[in-house]
Amino acid sequence: KSSLSFFLMSVDAQIEKALRGEVLDEEEIKDLCEKVISLLILESNVKAVRAPVTIVGDIHGQFYDLKEMFRVAGSAPDTNFLFLGDYVDRGYFSLETITLLCLLKLRYPDRITLLRGNHETKSITQTYGFYTECFRRYGNANAWQYFTDMFNYLTVSALIDGRFFCVHGGLSPNISSLDQIRVLDRFQEVPHEGAYADLVWSDPDDSKEGYANSQRGAGYTFGRDVVRKFLHENRIDHIMRAHQLCNDGFQCLFGNTLSTIWSAPNYCYRCNNIASVLEVDQFLNKFFNTYAAAPTNERVIPPDLRQIPDYFS
């Protein structure tokens with residue numbers, strides 16, 4: 001009991017440190033990632049989650065806007081959270097963002113669910129900011145290695161009370177049932193193609209039926225008929241996903257059977273969009289809680305502003 005109390009006090013202290021925007025040292029990050037892996041490895045590829053729960057879309061290293069989200073939507077352990085992925089890259093504070101989320105997962109494992117996004121991979125983070133940020137902060141790539149190794153254990157989807165299917169990107173022509181997702185080997189880098197890639201890369205398209213090649217170069221676009229069939233065959237009501245910038249913070253498609261949730265306000269510090277989280281209450285009612293970027297006086301911009309590649313995901 002005393003060792004557990006010491007552990008919880010230690011994690012609480014690290015959470016307080018992380019909320020102040022202070023990064024952990026390399027050994028602390030290594031230990032954190034190992035502990036989080038020991039939790040993630042036990043989770044199903046379709047993790048069962050119970051309502052009430054608040055669903056969060058892309059964050060992309062916008063740490064001060066993540067803090068603003070907690071101010072608006074509540075914080076753990078009082079609120080249960082399901083994060084849809086894309087925690088890193090683009091924004092200036094990927095390290096602070098992923099560190100805080102991992103600490104919250106470690107402290108409240110039953111109240112925090114972390115899904116994998118298309119940016120939670122070694123290859124994407126080497127191009128879009130996280131690798132460079134880690135190297136600049138520590139003078140080496142060790143922290144990046146620890147976190148990206150941990151990414152290979154993040155689960156790929158969740159099911160809220162058997163009714164709402166949650167995933168970062170979308171559907172796949174290689175998957176018609178949740179059982180096919182359950183047997184995927186997720187403990188690896190996201191492949192360039194195939195079912196696993198499609199789940200984190202695909203997008204809905206209300207202008208055409210069926211599947212079509214995606215302009216992203218990975219995954220597919222999918223239409224209303226695909227969604228209707230997937231919902232019917234799996235006896236579910238709604239798909240909740242992220243992955244696409246929404247100027248209003250969210251978008252509902254296909255007769256309100258699919259929702260996109262976007263949680264990075266003023267994306268890349270220039271898009272002027274608002275953000276949202278999707279709150280699901282105990283009766284499975286849905287409410288989009290919108291918010292703007294954190295006030296200027298509550299954020300810090302690093303002096304060495306780096307160029308962020310022009311690529312929206």
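Residues numbered from 1 in each chain as written. Predicted model: local features only at pLDDT ≥ 70, side-chain atom pairs only at ≥ 80, totals over all residues. Heavy atoms only, no water.

Participant: Help me understand the overall build of the protein chain in this model?
Facilitator: Check the secondary structure of the protein chain and you find 10 helices and 14 strands. Computed over C-alpha atoms, the radius of gyration of the protein chain comes to 18 Å, within 12% of the 20 Å expected from 2.2 N^0.38 for 313 residues, which places it in the range of a compact globule. With respect to the three principal axes, the spread of C-alpha positions in the protein chain is 50 × 50 × 35 Å. The proportion of buried residues among the 313 residues of the protein chain is 57%. Taking the intrachain contacts of the protein chain between residues at least 6 apart in sequence as the baseline, contacts between residues at least 24 apart amount to 72%. Surface summary for the protein chain: the accessible area is close to 13300 Å², and the carbon and sulfur share equals 49%. Averaging the locations of the 31 positively and 40 negatively charged side chains of the protein chain gives two centres separated by 3 Å. (Helix = DSSP H or I, 4+ residues; strand = E, 2+ residues; numbered from the N terminus. Rg over C-alpha atoms; globule rule 2.2 N^0.38 Å. Buried < 20%, exposed > 50% of the residue type's maximum accessible area, 1.4 Å probe, protein only. Contact = heavy atoms within 4.5 Å. Areas by Shrake-Rupley, 256 points an atom, 1.4 Å probe, with all protein chains shown as cover. Lys, Arg positive; Asp, Glu negative; His and termini not counted. Charge placed at Lys NZ, Arg CZ, Asp CG, Glu CD.)

Participant: What should I look at first to understand the side chain of T148 in this one?
Facilitator: Locating T148 in the fold gives a position in helix α7 (residues 142–151). T148 gets classed as buried once you look at its relative accessible area, which sits at 0%. Polar contacts involving the side chain of T148 include one to the side chain of K122, which spans 3.3 Å. Looking at T148, its side chain comes within polar contact range of the main-chain oxygen of Q145, at 3.3 Å. Those residues in contact with T148 that sit more than four places away from it in its chain are T121, K122, T125 and E189. (Polar contact = N/O pair within 3.5 Å; in protein donor to acceptor, adjacent residues only side chain to side chain.)

Participant: How do you make sense of the packing of aromatic side chains when you look at a structure like this?
Facilitator: Pairs of aromatic rings are described using the distance from one ring centre to the other and the angle between the two planes. Applying the stated criterion across every chain yields a total of 16 aromatic pairs. For the cation-ring pair, K122 lies above W144, with the distance from its terminal atom to the ring centre recorded as 5.9 Å. (Phe/Tyr/Trp six-rings, centres within 6.5 Å; stacked < 30°, edge-to-face > 60°. Lys NZ or Arg CZ within 6 Å of the ring centre and 35° of its normal.)

Participant: How do you make sense of the nonpolar core when you look at a structure like this?
Facilitator: Side chains of a nonpolar character, in soluble globular proteins, are inclined to be buried together. Counting residues in each nonpolar core, the largest one holds 51 residues, and the members touching the most others are M69, F83, F147 and M150. Excluding residues that lie within four positions of it along the chain, F147 makes contacts with I29, C33, L95, I98, T99, C102 and F130. Core analysis: the next-biggest nonpolar cluster, separate from the first, contains 29 residues, V46, I124, L159 and L199 among them. (Core = buried A, V, L, I, M, F, W, Y, C linked by side-chain atoms within 4.5 Å.)

Participant: Is there a simple way to explain a nonpolar patch on the surface in this structure?
Facilitator: Nonpolar side chains collect at one region of the surface, where I41, L42 and F187 lie side by side and expose about 320 Å² of accessible area between them. Residue placement: I41 occurs in the loop between α2 (26–40) and β1 (46–49). (Patch = residues over 30% accessible without salt bridge, like charges linked within 9 Å, V, L, I, M, F, W, Y side chains within 5 Å. Salt bridge = Lys/Arg side-chain N within 4 Å of Asp/Glu carboxyl O.)

Participant: What is the right way to look at the pairing of strand β2 (residues 53–56) in this model?
Facilitator: Side-chain direction in a regular strand flips from residue to residue, so the side chains alternate between the two faces of the sheet. A two-sided burial pattern is seen for β2, the buried positions comprising V53 and I55 on one face and T54 and V56 on the other. When β2 meets strand β13 (residues 275–280), the two strands line up antiparallel, connected through 4 bridges. Each bridged residue has a counterpart across the sheet, and for V53 the counterpart in β13 is V280. Direction of pairing for β2 relative to strand β3 (residues 81–83): parallel, over a ladder of 3 bridges. (Pairing = 2+ DSSP bridges.)

Participant: Before we go on, may I ask you to explain the pattern of salt bridges in this structure?
Facilitator: A side chain with one charge may pair with a side chain of the opposite charge, provided their charged atoms come close. Under the criterion given, the structure shown has 16 salt bridges. Of the charged contacts, one joins E68 and R71 as a salt bridge, the two residues approaching to 2.8 Å between their closest N and O atoms. Placement of the pair is E68 and R71 together in helix α3 (residues 63–73), with a separation of 3 residues, close to one helical turn. Exposure remark for E68: the relative accessible area of 8% places this residue in the buried category. Put simply, R216 and D203 hold a salt bridge, and the shortest N to O gap is 2.6 Å. Taken together, the residues span a long stretch of sequence, with R216 in the loop between β8 (211–213) and β9 (220–222) and D203 in strand β7 (residues 203–204) at a distance of 13 residues. Owing to a relative accessible area of 5%, D203 belongs among the buried residues under this scheme.

Participant: Is there a simple way to think about the confidence of the model for the protein chain in this case?
Facilitator: Close inspection of predicted coordinates is inappropriate in any region flagged by low pLDDT. Within the protein chain, residue pLDDT values average 95, and 95% of them lie at 70 or more. Below pLDDT 50 for its whole length, residues 308–313 participates in 29 contacts with residues either more than four positions away or in separate chains. (pLDDT = per-residue confidence, 0-100.)

Participant: Sorry, what's going on with the sheet that holds β13 here?
Facilitator: Adjacent strands of a sheet form backbone hydrogen bonds with each other and so pair up, either parallel or antiparallel. Taken together, the 5 strands give an open sheet; going across it, the order is β4-β3-β2-β13-β14, and neighbouring strands pair in mixed fashion. Edge strands, defined here as strands with exactly one partner in the open sheet, are β4 (112–114) and β14 (286–291). When the angles between neighbouring strand axes are averaged without regard to direction, this sheet yields 20°. In this structure, β3 lies alongside β4, joined through 3 bridges in parallel fashion. Looking at β4, one finds that L82 is bridged to T113. (Axes fitted to C-alpha atoms, helices over the stretch in contact; angles between N-to-C directions.)

Participant: Before we go on, may I ask you to explain the sheet that holds β9 in this structure?
Facilitator: One open sheet holds the 3 strands; their spatial order is β7-β9-β8, and the pairing between them is mixed. Of all the strands in the sheet, the pair left with one neighbour each is β7 and β8. With 3 bridges connecting them, β8 and β9 associate as antiparallel partners. The residue bridging N213 from the neighbouring strand is Y220, located in β9.

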